[in-house]
Amino acid sequence: AGRIYKELYESDPKNEEYFNSLSRILKSQTKFSELLPIVEKFSQVKKTVEIYSFYAEVLWRTGDFEKANNYWSKAIELWPENTNTYKIIAQAQIDAGQYQKAIVTFEKGRKELGQSLLFSDDLSQLYISSGNYKRATEETLNLLAETKNIALAQGRISALMNSAESKKYILET
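Residues numbered from 1 in each chain as written. Predicted model: local features only at pLDDT ≥ 70, side-chain atom pairs only at ≥ 80, totals over all residues. Heavy atoms only, no water.

(A) Region of the structure containing helix 5 (residues 65–78). If you check helix 5, its first and last C-alpha atoms are 20 Å apart, about what 14 residues at 1.5 Å a residue would give, namely 20 Å. Among the residues making up helix 5, those that are buried are Ala68, Tyr71, Trp72, Ala75 and Ile76. For helix 5, the angular spread of buried residues about the axis comes to 145°, placing them on one side. More than 90 degrees from the buried face of helix 5, the exposed residues found are Glu66 and Glu77. As for helix 5, its buried residues are in contact with helix 4 (49–61), helix 6 (83–95) and helix 7 (99–113). (Helix = DSSP H or I, 4+ residues; strand = E, 2+ residues; numbered from the N terminus. Expected span 1.5 Å × (residues − 1). Buried < 20%, exposed > 50% of the residue type's maximum accessible area, 1.4 Å probe, protein only. Arc of directions from axis to C-beta. Contact = heavy atoms within 4.5 Å.)

(B) Geometry of the nonpolar core. One finds Phe19, Leu35, Val39 and Trp72 to be the most contacted residues of the largest nonpolar core, which totals 42 residues. Looking at which element gives the most residues to this core, the answer is helix 4, with nine residues. Not counting the four nearest positions on each side in its chain, Trp72 is found in contact with Ser53, Ala56, Glu57, Trp60, Ile89, Ala92, Gln93 and Lys101. (Core = buried A, V, L, I, M, F, W, Y, C linked by side-chain atoms within 4.5 Å.)

(C) Structural context of the pattern of salt bridges. A complete count under the given rule lists 15 salt bridges for this structure. In this structure, Glu57 engages Arg61 in a salt bridge whose closest nitrogen and oxygen atoms are separated by 3.0 Å. Of the two residues, Glu57 and Arg61 both sit in helix 4, four residues apart, roughly one turn of that helix. The exposure class assigned to Glu57 is buried, which follows from its relative accessible area of 2%. (Salt bridge = Lys/Arg side-chain N within 4 Å of Asp/Glu carboxyl O.)

(D) The packing of helix 2 (residues 16–28) against helix 4, seen in detail. At their nearest, the axes of helix 2 and helix 4 sit 13 Å apart, and the two run at 25° to each other. By the angle between their axes, helix 2 is roughly parallel relative to helix 4. Judged by the twist between their axes, the crossing of helix 2 over helix 4 is left-handed. Taken together, the residues of helix 4 that come into contact with helix 2 (itself represented by Phe19, Ser23 and Lys27) are Ile51, Phe54, Glu57 and Arg61. Grouping the amino acids of the contact of helix 2 with helix 4 by side-chain chemistry returns three nonpolar, one polar and three charged. (Axes fitted to C-alpha atoms, helices over the stretch in contact; angles between N-to-C directions. Parallel < 35°, antiparallel > 145°, perpendicular 65-115°, else oblique. Left-handed = near helix turned anticlockwise from the far one by under 90°. Nonpolar A, V, L, I, M, F, W, Y, C, P; charged D, E, K, R; others polar.)

(E) How the structure looks around the environment of Leu113. Mapping Leu113 onto the fold places it in helix 7. Put simply, Leu113 and Asn82 are 31 residues apart on the chain and 8.1 Å apart in space, counted from C-alpha to C-alpha. Ignoring sequence-local partners within four residues, the contact set of Leu113 consists of Pro80, Glu81, Asn82, Thr83, Tyr86 and Leu118.

(F) Seen up close, unusual backbone geometry. With phi around 50°, Thr30 is a residue other than glycine that occupies positive phi space. If you trace the backbone, Thr30 turns up in the loop between helix 2 and helix 3 (32–45). On the basis of relative accessible area, Thr30 is assigned to the exposed category, the value being 56%. Phi is positive for Lys148, which is not a glycine, with a value near 60°.

(G) The side chain of Ser124, seen in detail. Inspection of the secondary structure assignment puts Ser124 in helix 8 (residues 120–130). Owing to a relative accessible area of 0%, Ser124 belongs among the buried residues under this scheme. In this structure the side chain of Ser124 is engaged in a polar contact, spanning 2.9 Å, whose partner is the backbone oxygen of Asp121. Engagement of the side chain of Ser124 in a polar contact is seen with the side chain of Arg156, the distance being 2.6 Å. Leave out the neighbours within four places in its chain, and Ser124 touches Ala136, Glu139, Thr140, Leu143 and Arg156. (Polar contact = N/O pair within 3.5 Å; in protein donor to acceptor, adjacent residues only side chain to side chain.)

Following this line, the structure appears as structure tokens:
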């Protein structure tokens, strides 16, 4: 399938379906060095949040951290007033294993959009996975205030109760 999509993409390098299919295959095979020039070329053809963000992820995975950060910033500049911009970029950062960068992206989105409860669900999960029980608790409480979903909040709080210190903090909050 990879060979076929590569041939199709090379026959029509502006075709987004061919690009997406080839990219998906190369990414699943972790052939990021082979994927890099393809994404670089396509990012010049189609300048979208998705493409810039994906390009940044591939750059990160191939070790060009400065350029990756630059393209994540460029992706935000394309459509900074849209919540999906921050979700798309943060997901690419998560895919690249950059959880702290995803947290910063979500926090930036909150600030830019002026919505203090925005991305609470995503942030609570990131903070839980990073072991930051204080921020995870805060975000879970934000999520509860936003959604009124007690069962979800209980599940998230339960996931945090893995140490005496975190239990004490949660019980006091």
